[in-house]
Amino acid sequence: MDTQPSLQQKLIDMADDDGAFRKRLLDDPRTAIQEGIGVELPGDFNVVVHEDDVQTAHLVLPPSAEMTDSQLAQVTGGDCANWPL
């Protein structure tokens, strides 16, 4: 089974190799991910794709250590709130 970092790297590599895929990933990440690597994301899971350029860099912070009530309920129920990629 692929790990989240390896699937992310696969998407990055595909976007580097295929300009049309890169555009789809920016415009409609959910569909691009499903069609590109065959992973269907849950309906309530959001993916936002950003593209760095020479004047812009994006910093992605991990989730806060503080859990919401909903997240706490998922964990105590045995679910995992991590990104499925």
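Residues numbered from 1 in each chain as written. Predicted model: local features only at pLDDT ≥ 70, side-chain atom pairs only at ≥ 80, totals over all residues. Heavy atoms only, no water.

J.: Give a detailed account of helix H3 (residues 29-37), specifying residues and quantitative values.
T.: Those residues of H3 that fall on the buried side of the exposure criterion are Pro 29, Ala 32, Ile 33 and Ile 37. For H3, the angular spread of buried residues about the axis comes to 100°, placing them on one side. Note on H3: the residue one or two positions beyond its end, Gly 38, has a positive phi of about 75°. (Buried < 20%, exposed > 50% of the residue type's maximum accessible area, 1.4 Å probe, protein only. Helix = DSSP H or I, 4+ residues; strand = E, 2+ residues; numbered from the N terminus. Arc of directions from axis to C-beta.)

J.: Account for the pattern of salt bridges, with residues named and values stated.
T.: Pairing between side chains of opposite charge can happen when the charged atoms of each approach one another. A complete count under the given rule lists three salt bridges for this structure. Arg 22 is the partner of Glu 51 in a salt bridge, and the nearest nitrogen-oxygen pair spans 2.8 Å. Of this pair, Glu 51 sits in the loop between H3 and helix H4 (69-76) while Arg 22 sits in helix H2 (residues 19-27), placing them 29 residues apart in sequence. By relative accessible area, which is 29% here, Arg 22 ends up partly exposed. Two residues, Asp 27 and Lys 23, come together in a salt bridge whose shortest N-O distance is 2.6 Å. (Salt bridge = Lys/Arg side-chain N within 4 Å of Asp/Glu carboxyl O.)

J.: Help me get a handle on the nonpolar core, residues and values and all.
T.: Leu 7, Leu 11, Ala 15, Phe 21, Leu 25, Ala 32, Ile 33, Ile 37, Val 39, Leu 41 and Phe 45 form the largest nonpolar core, which has eleven residues in total. Elements that contribute at least two residues to this core include exactly helix H1 (4-17), H2 and H3. (Core = buried A, V, L, I, M, F, W, Y, C linked by side-chain atoms within 4.5 Å.)

J.: Would you mind going over the packing of H2 against H3 in detail, with residue names and values included?
T.: Relative orientation of the contacting elements H2 and H3 amounts to 135°, with a least axis distance of 5 Å. Looking at the two axes, H2 sits oblique to H3. Residues Phe 21, Arg 24, Leu 25, Leu 26 and Asp 27 of H2 form the contact with H3, whose participating residues are Pro 29, Ala 32, Ile 33, Glu 35 and Gly 36. Per-class residue counts for the contact of H2 with H3 are six nonpolar, one polar and three charged. (Axes fitted to C-alpha atoms, helices over the stretch in contact; angles between N-to-C directions. Parallel < 35°, antiparallel > 145°, perpendicular 65-115°, else oblique. Contact = heavy atoms within 4.5 Å. Nonpolar A, V, L, I, M, F, W, Y, C, P; charged D, E, K, R; others polar.)

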